[in-house]
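Structural overview for review
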Amino acid sequence: MDEIDFARGRFMTSFETFKDALTDAKGQKNLLVGNGLSIAFDQKFGYRQLFDVADFINNNPTVASVFDALNTKDFETVVGALYSASEIAKKFGENDFSDTLLDHISQLKTALIEAVKAIHPSNSNLVTNDQAKKLRSFIQPFLAEDGCVFSLNYDALIYWSILKKGDPRLYFADGFSAKGANNLKFEGDACPRDINILFPHGTLFIFDKNGDAFKPKAQGDNPLIDIITGHMENGDFPLFVSEGSCEQKLMAIRKSFYLNYAFEKIESQRGNFFIFGHSLDLKSDGHIFTKIAKNKNVSHIYASYYSSEEATLGNLHHLLDAAQRDTSNPLNIHTFPAKSVSCW
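Read on for a plain summary of the structure. (Residues numbered from 1 in each chain as written. Predicted model: local features only at pLDDT ≥ 70, side-chain atom pairs only at ≥ 80, totals over all residues. Heavy atoms only, no water.)

Quick look at the pattern of salt bridges
Let me state the cut-off plainly: By definition, a salt bridge exists where a carboxyl oxygen of Asp or Glu is found within 4 Å of a side-chain nitrogen of Lys or Arg. Elements are defined by DSSP. Helices are runs of H or I of four residues or more, strands are runs of E of two residues or more, and each kind is numbered from the N terminus. The classification of residues rests on relative accessible area computed with a 1.4 Å probe and restricted to protein chains. Under 20% of the type maximum is buried, over 50% is exposed, and intermediate values are partly exposed.
Within the structure shown, the criterion is met by 9 salt bridges. Across the salt bridge formed by Lys90 and Glu87, the nearest N and O atoms sit 3.9 Å from each other. Residue Lys90 and its partner Glu87 are located together in helix 6 (residues 75-91), separated by 3 residues, close to a single helical turn. Assessed through its relative accessible area of 30%, Glu87 is described here as partly exposed. Several salt bridges share partner residues, and in doing so they unite Arg254, Glu264, Glu267 and Lys291 into one network.

Laid out in structure tokens, this is it:
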């Protein structure tokens, strides 16, 4: 069903399937995926499961009490609350208490990484050939139209699926092409191929060292999780954005060459942006979505919804208001059901 917002010259379309939405989109197509993609692979990637694995009740009862007080299992919500409390404590001259809260934030972020490691498949063989084929078929239309795939997820599921043998084969580049002894360094625009796979919030297998981002090379049959653990034991930390609010996340992004490159790459895209597996919550990820919406070369956003199309449309309208696009260059919004996507 099509509707027209005559006041702003925008089209709003509700498509019955992802395939219908994909057919409607003409020209370059880009994809941004959220945690819903990982949860579709395994429910263990949900925040409730990550909270249970982190076991704050035994490992950090103080932080557990904050989760309880806020009635949430969302790590980012708690990080945001602790960060705000730390800033307030500073205003009251409670610098020691402010530092204590910042220490809890650091512990919380480490616990999130450890929890993701604990529930993450240990090696690529746990993604079946059939699952990998479905994932490749899902993202192939975007890479084929010179678009980019942006993932806000911390896991290796997309990587493993792309690298598995089988059809469809995908042309992709992540920018990690400068070879070292055991690592691949991120080259940015110096990369000889056009980069079209990016992680604006980081991921488990990209590390930061002295301002440079690197990705460990595969080491025979050594499981990815063991490689990650080895790097962490040597003092290398995964490049991981898990701050609470969009403002805090953007501050973290600006501190990293890789993350900032991935974030700014959004601005160079055009045509259509598909968003899958994300609620479009502007409070937590508004920096990403307003970056898309303010790009005057993007004319259409197609957003998936899982249970409530109305909630997704509401967030899309909030996004349009935040983007402040001119009526002569409107941004058209569309929805499609997430359940119509066969991604695994």
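The discussion continues.
Observations regarding the nonpolar core
Quick note on the threshold: Think of a nonpolar core as a cluster: buried Ala, Val, Leu, Ile, Met, Phe, Trp, Tyr and Cys residues, connected wherever their side-chain atoms sit within 4.5 Å. In this description, contact between two residues means that some pair of their heavy atoms is separated by no more than 4.5 Å.
In this structure, Phe56, Phe138, Tyr258, Phe274 and Phe276 are the most contacted members of the largest nonpolar core, which totals 105 residues. Those residues in contact with Tyr258 that sit more than four places away from it in its chain are Phe176, Phe186, Leu198, Phe199, Ile206, Ala213 and Leu239.

Digging into the side chain of Ser304
Convention followed: For this analysis, a polar contact is any N or O atom pair within 3.5 Å, provided that within protein one partner can donate a hydrogen and the other can accept it, and provided that sequence-adjacent residues contribute only side-chain to side-chain pairs.
In this fold, Ser304 is placed in strand 12 (residues 298-305). At 3.2 Å, the side chain of Ser304 forms a polar contact with the backbone nitrogen of Gly277.

Structural notes on the pairing of strand 12
The test is simple: Two strands make a pair as long as DSSP finds a minimum of two bridges between them. Convention used here: a crossover is right-handed provided that the path from the first strand, over the helix, to the second strand proceeds clockwise when the strands point away from the viewer.
Among the 8 residues that make up strand 12, 6 are buried, leaving the element largely enclosed by the rest of the structure. Both strand 11 (residues 271-276) and strand 12 contribute to a ladder of 5 bridges, which runs parallel. Counterpart to Ile275 in the pairing with strand 12 is Ala303. Chirality of the crossover, the property in question, places the unit of strand 11, helix 13 (residues 282-293) and strand 12 among those that are right-handed. Both strand 12 and strand 13 (residues 332-337) contribute to a ladder of 6 bridges, which runs parallel. Following the sheet pairing, His300 is matched in strand 13 by Asn332. Following the backbone out of strand 12, through helix 14 (residues 309-323) and into the adjacent parallel strand 13, one traces a crossover that is right-handed.

Examining the packing of aromatic side chains
Put simply, the rule reads: Aromatic pairs are defined between Phe, Tyr and Trp rings, using the six-membered ring for Trp, whenever the two ring centres lie within 6.5 Å; interplanar angles under 30 degrees are classed as stacked, those over 60 as edge-to-face, and all others as tilted. A ring is scored as having a charge over it whenever the NZ atom of a lysine or the CZ atom of an arginine sits within 6 Å of its centre and within 35 degrees of its normal.
All told, the structure shown has 26 aromatic pairs when counted by the stated rule. Seen in terms of ring centroids, Phe15 and Tyr302 are 6.1 Å apart; in terms of plane orientation they differ by 35°. Their pairing is tilted. Within this pair, whereas Phe15 is found in the loop between strand 2 (10-14) and helix 1 (18-24), its partner Tyr302 is found in strand 12, the two being separated by 287 residues in sequence. Each of the two residues, Phe15 as well as Tyr302, counts as buried. Seen from their ring centres, Tyr159 and Phe205 are 4.6 Å apart, and the 80° between their planes marks the pair as edge-to-face. Of this pair, Tyr159 sits in helix 9 (residues 157-163) while Phe205 sits in strand 8 (residues 202-209), and the two are 46 residues apart along the sequence. Residue Tyr159 is classed as buried on the basis of its relative accessible area of 7%. Here Phe205 falls in the buried class, since its relative accessible area comes to 4%. Here a set of aromatic residues connected by ring pairs shows up, and it is made of Phe15, Phe18, Phe138, Phe142, Phe274, Phe276, Tyr302 and Phe336. The positively charged end of Lys339 is found above the aromatic ring belonging to Tyr306, 5.1 Å away from the centroid.

Looking at the state of the cysteines
Formally, a disulfide is one covalent bond, and it connects the sulfur atom of one cysteine to the sulfur atom of another. Stated precisely, the cut-off is as follows: Any two cysteine sulfur atoms lying within 2.5 Å of each other are counted as a disulfide.
As enumerated under the stated definition, the model contains 0 disulfides in all. Not part of a disulfide, Cys148 finds its nearest cysteine sulfur in Cys191, a span of 12 Å. We classify Cys148 as buried; its relative accessible area is 3%. Free cysteine: Cys343, not disulfide-bonded; nearest cysteine sulfur from Cys148 at 20 Å. Residue classification places Cys343 among the buried positions, given a relative accessible area of 4%.

Topic: the environment of Gly80
For Gly80, the position within the fold is in helix 6. Each residue touching Gly80, except ones within four places of it in the same chain, is listed here: Gly244 and Gln248.

Some words on unusual backbone geometry
The linkage connecting Asp167 with the following residue, Pro168, adopts the cis geometry, with an omega of -10°. Among the structural elements, Pro168 can be located in the loop between helix 9 and strand 5 (176-179). You will see that Asp55, though not glycine, has its phi angle at about 50°, which is positive. You can see Asp55 is positioned in the loop between helix 3 (47-54) and helix 4 (56-59). Positive phi is not limited to glycine here, since Asp146 has a value of about 65°. Residue classification places Asp146 among the exposed residues on the basis of a relative accessible area of 59%.

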